Amino acid sequence: MLRFLGWLFGTLFMITLGLAAAATYIIWDVSKDLPDYKQLASWEPPVMTRMHAADGSLLAEYAQERRLYVPVNLIPARVIDAYVSAEDKNFYTHAGLDWHGIAKAGIRYIQVKLTGHGQVIGASTITQQVAKNFLLGDERSITRKLREALVVQRIEQSFSKDQIMELYLNYINLGFHSYGVAAASLNYFGKSLDELSIEEAAYLAALPKGPNNYNPFTNYEKAVTRRNYVLNQMFDNGYIKEDELKAALAKPLKVNPRPFGAQLFSAESFAEEARRELLQKYGKDQLDKGGYSVRTTLDPKLQIFARQAVARGLIGFDRKRGWRGPVEHVDMNGGDWAKFLDKYHVPPDQQPWRIAIVLQVTDQGATVGLQPKTQNDGTFGPERDQGFVPLALLQWARKYVDGEKLGPEVKKAGEVLAAGDIIYVAPSGRDKEYHLVQLPEVQGAMVAMDPHSGRVLAMVGGFSYGQSQFNRAVQAERQPGSSFKPVVYAAALDNGYSPASVVLDAPLEIKMPNGEMWKPKNYEKDFYGPSTLRRGIEQSRNTMTVRLADAMGITKVADLAERLGIYDHMPHELAMALGAGETTLLKMTTAYSMIANGGKKVDATLIDRIQDRFGHTIWRQDTRDCSACKADHYSPGMPEPDLSDNRETVMNPYTAYQITSMMEGVVERGTGKKVQIVGKPVAGKTGTSNDEKDAWFIGFTPDMVVGVFIGFDTPKPMGKRRTGGELAAPVVADFMRLALRDKAAVPFRVPRGIELIPIEVKSGKRAIFGEDGVILEAFKPGDEPPANGTVIGSAAAGTKPAAGAGVVLVPSAQDGAGQAQLPQQAPQGQQPPAQQAPQDGGLTNNSNGLY
């Protein structure tokens, strides 16, 4: 017996030794290529980039995984308690593996296999889930479980429980593209973590088991059941009281999904352009994963005003072109009329417009069925609301005849609508009463900018971003027409001319390299003889502008245009003086900003500052040195830091004020009179291209520049008299009235040394202030109008004038009315030959008639 017991002991010892050796080998084999758990300490998860407006409101988000990283000390206790109760109630007591839970899960597994009833339960701890998610993957195998057990032990030895919980709560996928509890709280309930109620925290804790299984829209009952399970677990674990449990269980599950993307109304074009800037700086991968906090220049209130002004302007003009008919006509044949509206979608930036179908038409109006509103799950609701479009609110819908005029007045609703027409309607303000509306065919854009910094305060890229993502403020290159003329006149002022210099407005012929004659004309098809530079820009005279550009040399105009950033390389052609080259609204608005700020270089920017995920500023638009800003403390009476202005000067500040004063005259007496309704000092210039294809107005106050462009995406005539002064200027005025209504009137700042001398506005002669037609004209130091009012200059084109002198350029051989107005100093009895085009560039017939 003793020998047997000895043999048995020896055998068991050898088996145990063998098993130990085998286990040791397995552990060695499994652990030899374990992932480095220390990398968890430096883990930088993919975090979404958030873009904010200037006031801090959320503008847009960009991410592959919508995650907000939150330190564990900022996560409320009730949220942590909910997850511990749902996932690992012994988290704070076990060492990574919950042996009690493993035994319980094993017994449950055997019961389910033997009886065929019930559900297997898991035993993975939160630490195990961290190991699996971060280091090991989802492979289902014994080897992976062994590796997991080893990694878990090392994690528990190296990290505190709070650190492990922080990793877990910031990593998990909780559905709705939400990664981490902070993003889930926002996306499900529109709340930050500290605003969550007990039942909301419990629902979020229910999601790790399978977000799709507990989707509140597709599996509401299962979602509530799982939430209630978590609430009961929280009570059992002592985290909530009985009265709190009962109150939470009685509440329905109310989810309020937060939209993803642009969050501010009608700011999509701005957000997309800012996104493009970020892509250029950091690339798509960093944009989607880098967790940047981007503070943009957008002013949300001004953005709404801009959108309203552009929409009103486009709709108003579109109505003058009449009714183009319904979106579609269908044969209803009874049944549910709502099915015909399923395929239509009204973008958020077109609301409160709605798509509707005409159900019945009488002489007095039309009854319409309104498209049911979209529910959270993307389907239409069961309601079948109807409305009425009275005759008075559709009488604008006259036919457009011959592309020029409107047809007869509408006297019956049946002349416009028929049953089965699918149309757009907008609420009138009265119950169930609607306007008939249509999407404008014409498009437009607006840019509002701070002239001192180049910060873009508002940007509208078209009537509706949901309808078209093309940003006409930045991407559309169009002819600016006469809105380019201030560059020509500023170049002249920089080269010896004054606002009182006189240029002949008379017919002009220039021979082009191909032998054809170019004859620029004024828009009115008339000529007005000798006129001051001020009068020329106020009335937007074409022939004057061409003569002026030819006299001083188109190269000087090109140099200034390139310094202002309008063109990279401007062709040296006289037609360019009339705005024949193509550029963008943003570039033109930026150029006007440099005039408004006194000639300092600015670059348009949509971004003020970029911070990394840790809050460190990695890019700033304002590059001025402010070392004195970093004071250790502040005490009363401490002087403000002195910030040096290191901006490049691109225009003489005297010249900038002179051209500003001349453009004030455009609003007061010229083509921009419709902007006078702003009721504050405004300068600006209208612009229209050939055949009224492009309409522009760029206006500015001392502290804001606003540019507007209107035209068809495929350029075509908008109709006679559809000029910048008629179409674009009222839009700028509409915006400025709203944007400046709470601002005091501020006059334009006059540079020290400028002399204000009274002159007669039409002739440029010195006059007595207070008399009719007399204004205070701005002259540079040492410059003044001729005392005798004579026009001094050469009869040969291109002669450079003396400072303060007027110049008359030579008329063409077909002078006509202009010839009779030549001053006595002009050569008598001589008509010079037609001028030759400059050698540095040709002209094309396409530049005729720009204004």
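For clarity, every value in this text was computed on a predicted model and none was experimentally measured.

Draft legend 1. Inspection of the overall build of the protein at higher detail. Looking only at helices and strands, one finds 19 helices and 27 strands in the protein. Burial analysis of the protein (851 residues in total) assigns 52% to the buried set. Put simply, 69% of the contacts in the protein that link residues at least 6 apart link residues at least 24 apart. For the protein, the exposed area adds up to about 39500 Å²; of that, 51% sits on carbon and sulfur atoms.

Draft legend 2. Unusual backbone geometry, seen in detail. In the segment running from Gln 351 into Pro 352, the intervening peptide bond is cis, with an omega of 20 degrees. With a phi close to 65 degrees, Arg 721 is a non-glycine residue in the positive phi region. Arg 721 gets classed as exposed once you look at its relative accessible area, which sits at 53%.

Draft legend 3. The arrangement of the pattern of salt bridges in detail. Taken as a whole, this structure holds 32 salt bridges when the rule is applied. In this structure, Asp 645 engages Arg 647 in a salt bridge whose closest nitrogen and oxygen atoms are separated by 2.9 Å. One salt bridge connects Arg 749 with Asp 703, and the closest N-O pair in it is separated by 3.1 Å. Taken together, the residues Arg 749 in the loop between helix H19 (724–739) and strand E25 (755–760) and Asp 703 in the loop between strand E23 (695–701) and strand E24 (704–711) connect sequence positions 46 residues apart. Overall, Asp 703 belongs to the partly exposed group, its relative accessible area being 35%. One continuous salt-bridge network, built from bridges that share partners, spans Arg 534, Arg 535, Glu 538, Glu 668, Arg 669 and Glu 777.

Draft legend 4. Molecular detail of the packing of aromatic side chains. Using the criterion set out here, one finds 15 aromatic pairs in the structure. For the ring pair Phe 484 and Tyr 567, a centre distance of 5.9 Å and an interplane angle of 55 degrees mean the geometry is tilted. Within this pair, whereas Phe 484 is found in the loop between strand E15 (456–460) and helix H13 (485–493), its partner Tyr 567 is found in the loop between helix H16 (554–563) and helix H17 (585–596), the two being separated by 83 residues in sequence. Each member of the pair, Phe 484 as well as Tyr 567, carries the same accessibility label: buried. Between the NZ or CZ atom of Arg 307 and the centre of the ring of Phe 463, over which it lies, the distance is 5.1 Å. Cation over ring: Lys 716 sits above Phe 712, and NZ or CZ is 4.6 Å from the ring centre.

Draft legend 5. Fine view of the sheet that holds E24. Overall, antiparallel pairing links the five strands, which are arranged E15-E14-E24-E23-E22 in an open sheet. Across the chains shown, the open sheet's two edge strands, defined by having one partner strand only, are E15 and strand E22 (683–688). On average, adjacent strands in this sheet sit at an angle of 5 degrees to one another, irrespective of strand direction. Sheet topology places strand E14 (residues 443–449) next to E15; four bridges connect them, and they run antiparallel. The partner of Met 446 across the bridge, within E15, is Val 460. Along the sheet, helix H12 (residues 300–320) makes contact with E14, E15 and E24, crossing E15 at roughly 30 degrees.

Draft legend 6. Representation of the environment of Asn 256 within the structure. Mapped onto the elements, Asn 256 comes out in the loop between helix H10 (242–249) and helix H11 (268–289). When the C-alpha positions of Asn 256 and Asn 187 are compared, they lie 7.7 Å apart, and in sequence the two are 69 residues distant. Excluding residues within four positions of it along the chain, Asn 256 makes contact with Asn 187, Tyr 188, Phe 189 and Gly 190.

Draft legend 7. Local environment of the side chain of Asn 597. With respect to the helices and strands, the residue Asn 597 is situated in the loop between H17 and strand E20 (607–611). The class of Asn 597 is buried, set by a relative accessible area of 13%. A polar contact is formed between the side chain of Asn 597 and the backbone oxygen of Pro 451, at a distance of 2.8 Å. Apart from the residues within four sequence positions on either side, Asn 597 is in contact with Pro 451, His 452, Val 602 and Arg 647.

Draft legend 8. Quick peek at H17. Here H17 is twelve residues long and its end C-alpha atoms lie 16 Å apart, about the 16 Å a rise of 1.5 Å per residue gives. Counting buried residues along H17, eleven of its twelve residues qualify, which places the element largely inside the surrounding structure. Within H17, burial applies to Leu 585, Leu 586, Met 588, Thr 589, Thr 590, Ala 591, Tyr 592, Ser 593, Met 594, Ile 595 and Ala 596. Immediately beyond the C-terminal end of H17, within one or two residues, lies Gly 598, with a positive phi of roughly 95 degrees.

Draft legend 9. How the structure looks around helix H8 (residues 198–206). Among the nine residues of H8, nine are classified as buried, and the element is accordingly described as predominantly covered. Where H8 is concerned, the buried positions are Ile 198, Glu 199, Glu 200, Ala 201, Ala 202, Tyr 203, Leu 204, Ala 205 and Ala 206. In the core, the buried residues of H8 are packed alongside helix H2 (77–87), helix H7 (181–189), helix H9 (220–236) and H10.

Draft legend 10. The pairing of E22, seen in detail. The buried fraction of E22 amounts to six of the six residues, a majority that puts the element mostly inside the structure. Burial along E22 is two-sided: the face carrying Ala 683, Lys 685 and Gly 687 and the face carrying Gly 684, Thr 686 and Thr 688 are both buried. Of the strand pairs in this sheet, E22 and E23 are connected by six bridges, and their pairing is antiparallel. When the sheet's bridge partners are listed, Gly 684 is paired in E23 with Gly 699. Where E22 hands over to E23, the hairpin turn is made up of six residues, of which Asp 691 adopts a positive phi near 60 degrees.

Draft legend 11. Seen up close, the pairing of E23. The buried fraction of E23 amounts to seven of the seven residues, a majority that puts the element mostly inside the structure. Alternating positions in E23 separate into two faces, Ala 695, Phe 697, Gly 699 and Thr 701 on one and Trp 696, Ile 698 and Phe 700 on the other, with burial throughout. Where E23 and E24 come together, seven bridges link them in antiparallel fashion. Within the sheet, the bridge partner assigned to Phe 697 lies in E24 and is Val 708.

Draft legend 12. View of the environment of Pro 781. Locating Pro 781 in the fold gives a position in the loop between strand E26 (774–779) and strand E27 (835–836). Between the C-alpha atoms of Pro 781 and Ile 754, which are 27 residues apart in sequence, the distance is 5.8 Å.

Draft legend 13. Spotlight on the packing of H13 against H16. It is at 9 Å that the axes of H13 and H16 come closest, and there the two elements cross at 115 degrees. Judged by the inter-axis angle, H13 sits roughly perpendicular to H16. Considering the relative orientation of H13 and H16, their crossing is right-handed. Contacts between H13 and H16 involve Val 487, Val 488, Ala 490 and Ala 491 from the former and Lys 556, Val 557, Leu 560 and Ala 561 from the latter. Of the residues in the contact of H13 with H16, the class split is seven nonpolar, no polar and one charged.

Reading guide: rules and limits
Residues numbered from 1 in each chain as written. Predicted model: local features only at pLDDT ≥ 70, side-chain atom pairs only at ≥ 80, totals over all residues. Heavy atoms only, no water. Helix = DSSP H or I, 4+ residues; strand = E, 2+ residues; numbered from the N terminus. Buried < 20%, exposed > 50% of the residue type's maximum accessible area, 1.4 Å probe, protein only. Contact = heavy atoms within 4.5 Å. Areas by Shrake-Rupley, 256 points an atom, 1.4 Å probe, with all protein chains shown as cover. Salt bridge = Lys/Arg side-chain N within 4 Å of Asp/Glu carboxyl O. Phe/Tyr/Trp six-rings, centres within 6.5 Å; stacked < 30°, edge-to-face > 60°. Lys NZ or Arg CZ within 6 Å of the ring centre and 35° of its normal. Pairing = 2+ DSSP bridges. Axes fitted to C-alpha atoms, helices over the stretch in contact; angles between N-to-C directions. Polar contact = N/O pair within 3.5 Å; in protein donor to acceptor, adjacent residues only side chain to side chain. Expected span 1.5 Å × (residues − 1). Parallel < 35°, antiparallel > 145°, perpendicular 65-115°, else oblique. Left-handed = near helix turned anticlockwise from the far one by under 90°. Nonpolar A, V, L, I, M, F, W, Y, C, P; charged D, E, K, R; others polar.

Without other data, these values stay purely geometric and don't point to any function.
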